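# Structure at a glance
In case you want the letters, here they are:
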Amino acid sequence: VSPQPGGSSFGPRFKNLSKSELTVARQKWQLHSLAGVEATSSEQNRRAAEELFAALKARRPAAEAAAEPEPAPAKPVSR
């Protein structure tokens, strides 16, 4: 199988470009890679989620107290 001129790194939108068009496109598009990204375990993900929810729960009472308006005096309703 011969490689496509656009290469697979830049995705299918570049596969039918000529070499000159590909050069121009590669100058405009930044290629991102996950090669240096460290994989996380499900345990690390679980701990991160627990920390996030704990932080959100800690912020909730303060936010609710500040957002809670004082009750307005009752007004009579005419029918």
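Read on for an overview of the structure. All values reported here derive from a predicted model rather than from experimental measurement. (Residues numbered from 1 in each chain as written. Predicted model: local features only at pLDDT ≥ 70, side-chain atom pairs only at ≥ 80, totals over all residues. Heavy atoms only, no water.)

Along the backbone of the chain there are two helices and zero strands. Scored against the burial criterion, the 79 residues of the chain give a buried share of 8%. With an accessible surface of roughly 7,700 Å², the chain has 56% of that area assigned to carbon and sulfur atoms. (Helix = DSSP H or I, 4+ residues; strand = E, 2+ residues; numbered from the N terminus. Buried < 20%, exposed > 50% of the residue type's maximum accessible area, 1.4 Å probe, protein only. Areas by Shrake-Rupley, 256 points an atom, 1.4 Å probe, with all protein chains shown as cover.)

On the surface, Leu52, Phe53 and Leu56 cluster together to form a nonpolar patch covering roughly 290 Å² of accessible area. Along the chain, phenylalanine 53 turns up in helix 2 (residues 42-67). (Patch = residues over 30% accessible without salt bridge, like charges linked within 9 Å, V, L, I, M, F, W, Y side chains within 5 Å. Salt bridge = Lys/Arg side-chain N within 4 Å of Asp/Glu carboxyl O.)

Side chains carrying opposite charge are able to pair once their charged atoms draw close together. Across all of its chains, the model carries two salt bridges by this definition. The salt bridge involving glutamate 43 is made with arginine 46; its shortest N-O contact spans 2.4 Å. With glutamate 43 and arginine 46 both in helix 2, this residue pair falls three residues apart, about one helical turn. By relative accessible area, which is 36% here, glutamate 43 ends up partly exposed. Assessed through its relative accessible area of 38%, arginine 46 is described here as partly exposed. Within the structure, one salt-bridge network assembled from shared partners comprises Glu43, Arg46 and Glu50.

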